[in-house]
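# Coordinates in review
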Amino acid sequence: MSSSRTGRPPVQRAARRPVVPRPPRENALRTLVIRARRAWDRPLTAYYIVLGGSLLITVLGLVMVYSASQITALQMSLPGSYFFRKQLLAAVIGAVLLLVASRMPVKLHRALAYPILAGAVFLMALVQVPGIGVAVNGNQNWLALGGSFQLQPSEFGKLALVLWGADLLARKQDKRLLTQWKHMLVPLVPAAFMLLGLIMLGGDMGTAIILTAILFGLLWLAGAPTRLFAGVLAVAALLGAILIRTSENRMARLACLGATEPQTGPVDCWQAVHGIYALASGGIFGSGLGASLEKWGELPEAHTDFIFAVTGEELGLAGTLSVLALFAALGYAGIRVAGRTEDPFVRYAAGGVTTWITAQAVINIGAVLGLLPIAGVPLPLFSYGGSALLPTMFAIGLLIAFAREDPAARMALAMRQPRFGRKRIRGSQRPRRWNTMRRRAPGARSSGER
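If you're wondering where the values come from, they're calculated on a predicted model, not measured in any experiment.

### Comments concerning the overall build of the protein
Looking only at helices and strands, one finds 17 helices and three strands in the protein. Buried residues in the protein amount to 44% of all 450 residues. Residue pairs in contact within the protein that sit at least 24 positions apart in sequence constitute 67% of those at least 6 positions apart. Accessible area for the protein stands at about 24900 Å²; split by element, carbon and sulfur atoms hold 62% of it.

### Describing the packing of helix 5 (residues 113-126) against helix 8 (residues 188-201)
Between helix 5 and helix 8, whose axes approach to 9 Å, the crossing angle comes to 30°. One way to sum up the angle between helix 5 and helix 8 is to call them roughly parallel. The handedness of the crossing between helix 5 and helix 8 is left-handed. Where helix 5 approaches helix 8, its residues Leu117, Val121, Met124 and Ala125 are matched on the opposing element by Met194, Leu195, Leu198 and Ile199.

### Considerations on the sheet that holds strand 1 (residues 133-136)
In spatial order, the strands read 1-2-3; together these three strands make up an open sheet with antiparallel pairing. A strand with exactly one partner marks an edge of an open sheet, and here the two such strands are strand 1 and strand 3 (149-151). The sheet shows a mean angle of 55° between the axes of neighbouring strands, direction not considered. Of the strand pairs in this sheet, strand 1 and strand 2 (residues 139-146) are connected by four bridges, and their pairing is antiparallel. Across the sheet, Gly133 pairs through a bridge with Leu143, a residue of strand 2.

### Some words on the packing of aromatic side chains
One pass over the structure, following the stated rule, counts six aromatic pairs. For the ring pair Phe83 and Tyr384, a centre distance of 5.2 Å and an interplane angle of 85° mean the geometry is edge-to-face. Pair noted here: Phe83 is in helix 3 (residues 82-103) and Tyr384 is in the loop between helix 14 (344-368) and helix 15 (386-405), with a separation of 301 residues, a long-range link. Overall, Phe83 belongs to the buried group, its relative accessible area being 8%. Relative to Phe402, the ring of Phe345 has its centre 6.1 Å away and its plane inclined at 85°; by these criteria the two rings are edge-to-face.

### Some thoughts on the nonpolar core
Counting 112 residues, the largest nonpolar core has Leu188, Leu219, Phe345, Tyr348, Leu379, Ile396 and Phe402 as its most contacted members. Residue contributions to this core peak at 13 residues, all from helix 14. The residues contacting Tyr348, other than those within four sequence positions of it, are Ala166, Leu169, Ala170, Gln173, Leu178, Leu218, Leu221 and Ala222.

### Topic: the pairing of strand 2
Here strand 1 folds back onto strand 2 in antiparallel fashion, the turn holding two residues, of which Asn137 has a positive phi close to 55°. Here strand 2 hands over to strand 3 after two residues, with Gly147 in that stretch at a positive phi of 70°.

### So, the pattern of salt bridges
Counted by the stated rule, this structure contains four salt bridges. Across the pair Lys158 and Glu155 runs a salt bridge whose closest N-O atoms are separated by 2.9 Å. With Lys158 and Glu155 both in helix 6 (residues 153-174), this residue pair falls three residues apart, about one helical turn. Since its relative accessible area comes to 0%, Lys158 is described here as buried. According to the relative accessible area criterion, Glu155 is buried, its value standing at 2%. Taking the shortest distance from any N to any O, the salt bridge between Arg171 and Asp167 comes out at 3.1 Å. Of this pair, Arg171 and Asp167 both sit in helix 6, four residues apart, which is roughly one turn of that helix. We classify Arg171 as partly exposed; its relative accessible area is 31%.

### Considering the side chain of Ser387
Looking at where Ser387 falls in the secondary structure, it is placed in helix 15. Within polar-contact distance, the side chain of Ser387 engages the backbone oxygen of Gln150 at 3.5 Å. A distance of 3.0 Å separates the side chain of Ser387 from the backbone nitrogen of Gln152, its partner in a polar contact. Those residues in contact with Ser387 that lie beyond four places of it in its chain are Trp142, Gln150, Leu151, Gln152, Glu155 and Phe156.

### Description of the confidence of the model for the protein
Per-residue confidence for the protein gives a mean pLDDT of 85; residues scoring 70 or more make up 86%. Confidence drops under pLDDT 50 across residues 420-450; counting only partners more than four residues distant or on other chains, this segment forms 35 contacts.

### Structural notes on helix 13 (residues 307-340)
An α-helix turns once per 3.6 residues; consequently, residues spaced three or four apart project the same way. With 34 residues, helix 13 extends just 34 Å between its outermost C-alpha atoms, more than 12% less than the 50 Å of an ideal straight helix rising 1.5 Å per residue. Residue Leu315 marks the point of greatest curvature in helix 13, where the axis turns by about 130°.

### Some words on unusual backbone geometry
The omega torsion across Val186 and Pro187 is 0°, close enough to zero to call that bond cis. For Pro187, the location among the structural elements is in the loop between helix 7 (181-185) and helix 8. With phi around 55°, Glu301 is a residue other than glycine that occupies positive phi space. Mapped onto the elements of the fold, Glu301 is located in the loop between helix 12 (270-280) and helix 13. Positioned with a positive phi, Leu381 is a non-glycine residue whose angle comes to about 65°. Structurally, Leu381 is set in the loop between helix 14 and helix 15.

Calculation rules
Numbering of residues starts from 1 in every chain and runs along the sequence as written. Owing to the predicted nature of the model, reporting of local features is limited to residues with pLDDT of at least 70; listing and counting of side-chain atom pairs is limited to 80 or more, with chain, interface and lining totals taken over all residues. Each side-chain value is derived from all of the structure's non-hydrogen atoms; neither hydrogens nor water enter the calculation. The numbering of helices and of strands both runs from the N terminus, where a helix is a DSSP run of H or I of at least 4 residues and a strand a run of E of at least 2. Buried means the residue's accessible area, taken with a 1.4 Å probe over protein chains only, is under 20% of the maximum for its type, while exposed means over 50%, and partly exposed covers the values in between. By the convention used here, residues are in contact when the closest approach between their heavy atoms is within 4.5 Å. Residue burial considers only the protein chains on display, and all accessible areas are found by Shrake-Rupley using a 1.4 Å probe. What counts as an axis is a line fitted to C-alpha atoms, over the stretch in contact for a helix, and the angles between N-to-C directions run from 0 to 180 degrees. Throughout, the term roughly parallel applies to angles under 35 degrees, roughly antiparallel to angles over 145, roughly perpendicular to angles from 65 to 115, and oblique to all others. We call a crossing left-handed when the near helix sits turned anticlockwise from the far one by less than a right angle, and right-handed when that turn is clockwise. In this description, strands pair whenever DSSP reports at least two bridges between them. Here is the rule: rings of Phe, Tyr and Trp (six-membered ring for Trp) pair when centre to centre is within 6.5 Å. Planes less than 30 degrees apart are stacked, more than 60 are edge-to-face, and the remainder are tilted. The criterion is simple. A nonpolar core is a set of buried Ala, Val, Leu, Ile, Met, Phe, Trp, Tyr and Cys residues joined through side-chain atoms within 4.5 Å. The salt bridge definition used is simple: a Lys or Arg side-chain nitrogen within 4 Å of an Asp or Glu carboxyl oxygen. Whenever a nitrogen or oxygen atom comes within 3.5 Å of another N or O atom, the pair is scored as a polar contact, on the condition that within protein one atom can donate a hydrogen and the other can accept it, and that pairs from neighbouring residues in sequence are kept only if both atoms are in side chains. The quantity called pLDDT is the predictor's confidence in a given residue, expressed from 0 to 100. Given the number of residues in a helix, its expected span is that number minus one, multiplied by 1.5 Å. At any given residue, the bend is defined as the angle formed between two axes, one fitted to the seven residues that end at that position and one fitted to the seven that begin there.

Below, the structure is given as structure tokens:
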């Protein structure tokens, strides 16, 4: 054994460890996309989006109604919170309707289709009776309920068409009758035209457009042929053109598209232009909640049809994009509920509700942005108006009930609800904690929910 110059034995060094190559770093963006897809694919995604999105829109709408309606209320010698209190009362009643609708079985929803349709037709006909119907802004489509409360029956006509049309098409599909065009159109289209006629007697073109959109949505989901669908669309477009052409008010609204000055000719575009002014002055983050200038008498209907403009002025681009994102998420969830079910009634009803809310939001926001004529329809769940809020919240309850009826969602909800209690086991008095379905069935397929 050799030694060093100092006479000491040489120091034996430890063998070097082999260098293990590090795994390549994962792309953060790709990981985020994968996680987002997994989250979207969970069975309870549609349930939470419908519930959370609708509640957020309603709460934000209450805040904006309070902010946008104070000046109008004071100008009418009313308390500043007058319109807010009425909207809050409607929201509380609507929340009860939403809860009831979300807990009702599908069979009961189908059973209510005909009574709701009959009640809506009766009330819409009652509007035209002299001394009973009330005219507001030139449209006679209201019923006086006593005091300051009024009811617009045409709003309930949307819900009636969705439920009745979905039940009718589902029964015909069960009997395999939808392959014949006459069974697809009759009696759905005549009944829809009857509702449209009652609405147009009062001069409400905006609600008629929404009802037409619901009809087209139901026909599209029923698999109407392109020729048949195009024929119905052509007839509706022709009737709409005639109705617009024969009304000076509707022609004036059409002439205000793209207007930048309140009075550029014989047509006064004051409301449309000041809606653009409100959005333009908001900037990125707005002037602050309650700091709108256009609501001080410059912008008509600031708390109803043009509340989106006040939102843009006070909350800025960030606020308006948030509202758009909530409505887009709500529409996506409705399409998902309609696309994943095997029940034809659920598919037609969910598609009809989604078409209703999405089309009405697009028409309202498009009018505020100056891209569409002012149709006089409120922003769903957001604008002031109890007559529009109540049936819309009931329709949201329908979507929640349908989302809960999905087998995967039902299993996931059962897994997420631990139950505690005492249970006797063969006469023993020993307390036992009830386990969840996940623990009782460890071999079951995981739903991806925690």
